[in-house]
Structures are given as structure tokens and as C-alpha cells.
Amino acid sequence: MTTVKTPVYSHALYLLHTAQKPGHGVPAYTRWVNRRLARYAAAAAASRGISANGITMISAAFSAAAVGLIAAAPASPWLGAAIAALLAAGYVLDSADGQVARLTGTTSLAGEWLDHLVDSVRVPAIHLAVLVGIVQGGLLPEWSAWLPLAYTLTSVGHFMSQILAEQLLKTLETPAEAPTGTFRSWLLLPTDMGTLCWVFLAWGNPVLFIGAYGGLFLLNLAVVIASVQRKFMALSGADRRTNA
């Protein structure tokens, strides 16, 4: 049985500050806000003996609470603020679980699998909850119900594109693309989970919310289409090199 040493908070925070993953090509909110907040959460969790998988499940619980409020509670300004805060907290912990695992030397295939499983459910669940909220609220035109459906398909397709392309390129021993620069981080901001979290501040104003949500969807769709095309070209190039 392996014993995991519990680090002191200040030392844990120092280690996390000096051992961060590269931020090149990571969406802006995740890169400059979420990962930084996650360091404090990870240091606190590790110093209290909370495992990486435990953080993953707490993250899922925050997100699930937000999804329940979106789908079941009458929309209001204070509710929108609560939903945004819960989603943002869940996302901070989603970044913290991997940091806890690396800090405590407890990285595992099972932990990575659990993290990806929660991620694959989180975003579609948010969009489907928006659909339920729109239908139950009855304050918006019927066409607006198509937005969360389209958003769900777009987010699921993008997630699968990213994950599968990485795995396929690994099997071909072809390095995945390594995007660089801060411009790309800002370009990817519409696809950032953190951006989606704070759109719910407008949940209490149906017209404002659907405008912000719909605009974010269109920007997100444009980025995803470009990303899918790039992934297809990269895989096609790998095929040509393999068959040459």
C-alpha cells in the first residue's frame, strides 16, 4: 500500500507555481484565470489530504448543482449569479485535480479517465439544462430552443475531435500540433468553458441571455469548424506520410 505524503500549503503552492504546464494555445480564460485559481485550490486540497479523484468529484458536484438550478429554478438575476459562480468553481476544480495528482505523485490512468468522463458530460449537460429552462420559462420565441441543441452537438463534436485526433496521432508516432502565441489563446476564448460560465450572469434577463448565449455559440461554431478542418488536414497528412 502506497502512502501519499501530505504537503504543507505554502510549500505545495510554491511547487505548483514553479511547475506549470505550458500555456501556449490554451484558451485565454483557462490560461490566465482558471489555472492560476486552480493552483490555490490544488494546494489547499493537497495540504488537507484530498485526492485528485476527490477533487474531480467535488468539481462534478458543483457543476451538477448549477445544472439543476438552470433546469428547475425560475430564472432571476440572483440565480444567474449563483449559477455562474457554481460553474466557475466547478471549472477551477476541474483544473485543480490534475495539479493535485502531479503534486502528490498520484497520477493514474483511472484518474485521467474519470476526469475526461466528467468533462464529456459537463458541457452537454449545461446546454441541455438551458433547453429545459427555455422551454419551461416560456418567455422566449420557440426558435431559441434550437440554440442549446446546436450548442450541444457542436461541443460534443469538438471534444471528440480533440481527444480522438490526439490519440490517432499518437498511434502513428506523429507529434500533435503545438500551437503557440497569445493571439491563439484569445482566438479560442469563445470555446473556453470559463467564458460559458459567466454568460449565466444574464440568466435573469431572457432576452439578454439568449443574445449573449447565441452570440457565443456562433463564435464557438466558427472556431470549431476551423479546428475540425485543421485536424482533418493533419490526419490526412499523417496518412500520406505513413503510406508513402
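Quantities reported herein were computed from a predicted structural model and do not represent experimental measurements.

## Considering the pattern of salt bridges
Thinking step 1. Summed over all chains, the structure comprises two salt bridges.
Thinking step 2. Residue R122 pairs with D94 through a salt bridge whose shortest N-O separation is 3.3 Å. Residue R122 is found in helix 5 (residues 109-137), and its partner D94 is found in helix 4 (residues 77-104); the two are separated by 28 residues along the sequence.
Thinking step 3. Under the relative-accessibility criterion, R122 is labelled buried at 6%.
Thinking step 4. Among the residues examined, D94 registers a relative accessible area of 13% and is labelled buried.
Thinking step 5. Two residues, R122 and D119, come together in a salt bridge whose shortest N-O distance is 3.3 Å. Residue R122 and its partner D119 are located together in helix 5, separated by three residues, close to a single helical turn.

## Quick word on the packing of aromatic side chains
Thinking step 1. Per the stated rule, a full pass over the model turns up seven aromatic pairs.
Thinking step 2. A ring pair is formed by W203 and F209, whose centres lie 4.8 Å apart and whose planes are at 90°; its orientation type is edge-to-face. For the pair formed by W203 and F209, the shared burial category is buried.
Thinking step 3. Members of the aromatic cluster, each reached through a chain of ring pairs, are Y151, F200, W203, F209, Y213 and F217.

Criteria and thresholds
- Residues numbered from 1 in each chain as written.
- Predicted model: local features only at pLDDT ≥ 70, side-chain atom pairs only at ≥ 80, totals over all residues.
- Heavy atoms only, no water.
- Salt bridge = Lys/Arg side-chain N within 4 Å of Asp/Glu carboxyl O.
- Helix = DSSP H or I, 4+ residues; strand = E, 2+ residues; numbered from the N terminus.
- Buried < 20%, exposed > 50% of the residue type's maximum accessible area, 1.4 Å probe, protein only.
- Phe/Tyr/Trp six-rings, centres within 6.5 Å; stacked < 30°, edge-to-face > 60°.

Any functional reading would require information that these geometric values do not contain.
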